[in-house]
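Residue-level structural notes
One-letter residues, chain by chain:
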Amino acid sequence: MKIFHTADWHLGKLVQGVYMTEDQQYILQQFMLAIDEEKPDVIVIAGDLYDRSMPPIEAVNLLNDIFAEIVLDKKIPVLAVAGNHDSAGRLNFGSSLMSDSGLHIKGQFTKDHTPIVFHDEYGEVHFHLVPYAEPASVRTTLEDDSIRSHQDAMGKIIEHIERSLDTTKRNVFVGHAFVTKYGEEEANTSDSERPLSIGGSDCVNAALFKPFNYTALGHLHKAHFVMNETIRYAGSPLKYSLSEHLHEKGFLIIELDAQGEVTVAKRKLIARRDLRVVEGLMDDLLQLPPSDDYVFVRLTDTTPVTSPMERIRTVFPHAMHVERKAIRQEVLHEIQVVETEKIEDIDLFRSFFTDIIGIQPDQDTERLFTELLQELLDEERETVK
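Not measured: the values here are computed from a predicted model. (Residues numbered from 1 in each chain as written. Predicted model: local features only at pLDDT ≥ 70, side-chain atom pairs only at ≥ 80, totals over all residues. Heavy atoms only, no water.)

**Details of the confidence of the model for the protein**
- For the protein, per-residue confidence averages 88 on the pLDDT scale, and residues scoring 70 or more make up 88% of the total.
- Below pLDDT 50 for its whole length, residues 329-343 participates in 29 contacts with residues either more than four positions away or in separate chains. (pLDDT = per-residue confidence, 0-100. Contact = heavy atoms within 4.5 Å.)

Pasting the structure below:
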């Protein structure tokens, strides 16, 4: 059986104030061409179809058109689960009706688990769809007070599935979680993916997925395997943040043989506009060939640069962000050049204030800045919750 494994479409995504819908439509048309060329038996989307629980209408229409073309025109079944960015209830609506047409969406985690079964020339393949769910929700659904973490929740979910798991058949798990080799904390692969929990561990041990021939995961935006080749993240189809500028985007083509052995191939997708970093002195950057790419600019000038974005956009009209890589600081009456990434927020503010106003900020100004920064951080945490 040939399976397309993709995830983290994040339709409706906004990057530095730019809606990515046209870029997403462009990349998904490449995906559709790949479907025509490869003719997969099943397409799996492992969560985060949308970027937010209430996506813009353009994103909803795009997903509707893509699903209609795949399922109704091309007659290829689609299996999808909700991710942490999706609204579980909205994705779940009408799922029982759509399944008759070949669109199988699992938005909400439920106690009643029935795999989606497909056949190939070797027999049955059972797909187990597990949408993202908070540990508290899983605790209530499974009526198990011992569930306190994402590790506990996934462990109990898989234990629940195993009670009726037919090991004589080939089994594929589709889920959305932060899976690591030993369930230990690791850095996320992208700044654009929000954490699954605040103040606690959101990691899940890859060893839990041993019962399955293949585990198709979503959530982390860089394509990679965890522990072994059969537990994989497909990654996102587009670059959605500066931290992803070195990622190679695409999707995975999975071949499942008669014994349940897996072979994996990655197919790249080429964006309409690349998202990349350019670095250098302003005068040098202005001499570069013009480009329509989305660029994040790091200026190496150590002295103030006037109207940096306006000047950069004469060469890079779709520039998304300009920052100073280093600034000049006066320490004990000596001028030092310091990388901005190594400077505290208050010191960056002092340097900026001095560059613009010409004097150091007083205590009241610094206090006002600190209070405003804290308010913004508090608002961001509330949004994540």
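Now that the structure has been shown, we can carry on.
**Observations regarding the pattern of salt bridges**
- All told, the structure shown has 23 salt bridges when counted by the stated rule.
- The closest approach of N and O atoms between Asp-274 and Lys-239, which form a salt bridge, is 2.8 Å. Placement of the pair is Asp-274 in the loop between β16 (262-268) and β17 (275-280) and Lys-239 in the loop between β14 (228-233) and β15 (250-256), with a sequence separation of 35 residues.
- Residue classification places Lys-239 among the buried positions, given a relative accessible area of 14%.
- Among the charged side chains, a salt-bridge network with shared partners connects Lys-2, Glu-37, Glu-38, Glu-255 and Arg-267. (Salt bridge = Lys/Arg side-chain N within 4 Å of Asp/Glu carboxyl O. Helix = DSSP H or I, 4+ residues; strand = E, 2+ residues; numbered from the N terminus. Buried < 20%, exposed > 50% of the residue type's maximum accessible area, 1.4 Å probe, protein only.)

**Quick word on the sheet that holds strand β5 (residues 78-81)**
- Judged by pairing direction, the sheet is mixed, and its six strands sit side by side in the order β6-β5-β4-β1-β15-β16 without closing on themselves. Each edge of the open sheet is held by one strand with a lone partner, namely β6 (103-106) and β16. Put simply, the sheet's adjacent strands are angled 20° from each other on average, direction ignored.
- Packing against the sheet, helix α1 (residues 21-38) makes contact with β1 (2-6), β4 (42-45), β15 and β16, and its axis sits at approximately 170° to β1. (Pairing = 2+ DSSP bridges. Axes fitted to C-alpha atoms, helices over the stretch in contact; angles between N-to-C directions.)

**Things to note about empty space enclosed by the protein**
- Inspection of every chain in the model, using the stated rule, returns two cavities of 30 Å³ or more.
- Counted as a void, the largest cavity has a volume near 100 Å³.
- If you trace the largest cavity, you find twelve residues lining it, with Tyr-132, Ala-133, His-150, Met-154 and His-176 closest to the centre.
- For the lining of the largest cavity, the element with the most residues is helix α6 (residues 150-162), which contributes four residues.
- Across the lining of the largest cavity, the residue classes break down as ten nonpolar, two polar and no charged. (1 Å grid on protein atoms, 1.4 Å probe; cavity = no way out; pocket = protein on both sides within 12 Å on 5 of 7 lines; lining within 4 Å. Points joined across faces, edges and corners; volume = space filled by probe spheres on them. Nonpolar A, V, L, I, M, F, W, Y, C, P; charged D, E, K, R; others polar.)

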